[in-house]
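# Observations on the model geometry
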Amino acid sequence: MKNVFATRWGIIAVGAVIGAGAAMLQYLGNPGNMGICVACFERDIAGAVGFHRAAVVQYMRPEIIGFVLGSLAAALAFREFRPRGGSAPIVRFFLGVFAMIGALVFLGCPWRAMLRLAGGDGNAILGLIGLIAGIWIGTRFLKKGYSLGRTQKLAPGAGWVLPAVFAALFVLMLIYPRAEGAEKTGILFYSVKGPGAMYAPLAVSVIAGLVIGFIAQRSRFCTMGAFRDLILFKQVHLFSGVVALVISAGLVNLILGQFQPGFAGQPVAHTQHVWNAMGMVLAGLAFALAGGCPGRQLFLSGEGDGDAAIFVLGMIVGAAVSHNFGLASSPAGVGPHGIAAVVIGLAVCLVIGFTMKQPQTGGAR
């Protein structure tokens, strides 16, 4: 049966659903210009389980859990659940760590950069310029033979590990729900103010996550891949979905009165333009070297890709590192050690890019 989501109009429809859905989630309670942000929401999950103690960003975001389980459902339904892994897992882990550090210096993943733009946040322009620059650097390495190696087929149980972990986190959320005014319920932490205390109704968030996870898995939606394919191959297939995301989110924001153009006073954003850009240079390069944006890594994890799961875990650890060691930005500006972390991260990613090439086989020519 033809996969309609993978067609040109299918990817446009998927992008439109994600953009409109994100704007609606914001209207229903999620933070401003953050109806969906994979990096920010994974950071909130890290806070919810106590990996960091930044009190304003602790909440078990059900959208992220829905992404993985929705993708799992699609993969099982269409016989695309293929447990695999073994492609430089330790490298992928640290790419995930540094991708998160860069994203939290900017204050958003590629999805949120698009949504910030669709909400009128001019600072997102600098972030997108940085993202494209980082992906462009990554494509130079790809053209010169960069590779993390081949994956191997794994036993079925290996592909179920990350979906099972996220399902367990959702069960914990049901057992220990947020209590009004309480910073902790059972073993989970909850924000009582700040972005972590802003959320859409649970049922709406779960359904949105499951739907987006399902259709994104079918369409192979990926923001990093969109720019990579445009730069390397002049292909606009995935890019058309990204454009649809921005347009649909912008239209819904206009209808709901959520479009507020400008640079100053934007929700969960800062105006240090150089580091808005440089944070996303680091994130974009890490995404390109890892082979997918943070959303795509979640969807691949739902398909049973253990390498993508390692990247996801790296991002969650990166969120904890960012907040425990003063790397993450806030609306007041870049964290005290954020600039140093971006410089170190870029150096590490460049070393990975230059050194990760598969050895040539065969005799001399």
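My aim in this report is to walk through the structure given alongside it, one point at a time.

Criteria and thresholds
- Residues numbered from 1 in each chain as written.
- Predicted model: local features only at pLDDT ≥ 70, side-chain atom pairs only at ≥ 80, totals over all residues.
- Heavy atoms only, no water.
- Helix = DSSP H or I, 4+ residues; strand = E, 2+ residues; numbered from the N terminus.
- Rg over C-alpha atoms; globule rule 2.2 N^0.38 Å.
- Buried < 20%, exposed > 50% of the residue type's maximum accessible area, 1.4 Å probe, protein only.
- Contact = heavy atoms within 4.5 Å.
- Areas by Shrake-Rupley, 256 points an atom, 1.4 Å probe, with all protein chains shown as cover.
- Patch = residues over 30% accessible without salt bridge, like charges linked within 9 Å, V, L, I, M, F, W, Y side chains within 5 Å.
- Salt bridge = Lys/Arg side-chain N within 4 Å of Asp/Glu carboxyl O.
- Axes fitted to C-alpha atoms, helices over the stretch in contact; angles between N-to-C directions.
- Parallel < 35°, antiparallel > 145°, perpendicular 65-115°, else oblique.
- Left-handed = near helix turned anticlockwise from the far one by under 90°.
- Nonpolar A, V, L, I, M, F, W, Y, C, P; charged D, E, K, R; others polar.
- Expected span 1.5 Å × (residues − 1).
- Polar contact = N/O pair within 3.5 Å; in protein donor to acceptor, adjacent residues only side chain to side chain.

## Some thoughts on the overall build of the protein chain
Check the secondary structure of the protein chain and you find 15 helices and four strands. Computed over the C-alpha atoms, the radius of gyration of the protein chain is 19 Å, within 12% of the 21 Å expected from 2.2 N^0.38 for a compact globule of 365 residues. Along the three orthogonal principal directions, the C-alpha set of the protein chain runs to about 70 × 45 × 40 Å. Taking all 365 residues of the protein chain together, the buried fraction comes to 56%. Taking contacts inside the protein chain between residues at least 6 apart in sequence as the whole, the part at least 24 apart equals 80%. Accessible surface, the protein chain as shown: approximately 14,600 Å² in total, 69% of it carbon and sulfur.

## Overview of the environment of leucine 104
Structurally, leucine 104 can be placed in helix 4 (residues 89-106). Judged by its relative accessible area of 0%, leucine 104 is buried. With 61 residues separating them in the primary sequence, leucine 104 and arginine 43 have C-alpha atoms 8.8 Å apart. Setting aside its immediate chain neighbours within four residues, leucine 104 contacts Arg43, Ala319, Ser322, His323, Ala328 and Ser329.

## As for a nonpolar patch on the surface
Taken together, the side chains of Val243, Ile247, Leu251, Leu254 and Phe259 define a hydrophobic patch exposed on the protein surface, amounting to about 440 Å² of accessible area. Structurally, the position occupied by phenylalanine 259 is in the loop between helix 11 (237-256) and helix 12 (273-290).

## A word on the packing of helix 3 (residues 62-77) against helix 8 (residues 161-175)
Look at helix 3 against helix 8: their axes get within 9 Å of each other, and the N-to-C directions meet at 140 degrees. Classified by the angle their axes make, helix 3 and helix 8 are oblique. Crossing geometry of helix 3 relative to helix 8 is assigned as left-handed. Contacts from Pro62, Ile64, Ile65, Val68, Leu69 and Leu72 of helix 3 reach helix 8 at Pro163, Phe166, Ala167, Leu169, Phe170 and Met173. Split into classes, the residues belonging to the contact of helix 3 with helix 8 amount to twelve nonpolar, no polar and no charged.

## Concerning helix 9 (residues 202-219)
With 18 residues, helix 9 ought to run about 26 Å at 1.5 Å a step, and its terminal C-alpha atoms sit 26 Å apart, in line with that. Of all the residues in helix 9, the buried ones are Ser205, Val206, Ala208, Gly209, Ile212, Gly213, Ile215, Ala216, Gln217, Arg218 and Ser219. Looking at the buried side of helix 9, the elements it contacts are helix 1 (8-27), helix 3, helix 5 (110-118), helix 8, helix 11 and helix 13 (294-302). Where helix 9 terminates, the next one or two residues include arginine 220, which has phi positive at roughly 65 degrees.

## Let's talk about the side chain of glutamine 217
Looking at the element boundaries, glutamine 217 is found in helix 9. Within the structure, the side chain of glutamine 217 is placed 3.0 Å from the side chain of glutamate 303, a separation counted as a polar contact. Dropping the residues within four chain positions of it, glutamine 217 is found in contact with Ser71, Ala74, Ala75, Glu80 and Glu303.

## Here we look at unusual backbone geometry
For asparagine 33, which is not glycine, the phi torsion reads 55 degrees and is therefore positive. Tracing the sequence through the fold places asparagine 33 in the loop between helix 1 and helix 2 (38-48). Asparagine 33 gets classed as buried once you look at its relative accessible area, which sits at 2%. Phi angles above zero are rare outside glycine, and alanine 88 is one such case at about 45 degrees. Mapped onto the secondary structure, alanine 88 falls in the loop between strand 1 (84-85) and helix 4.

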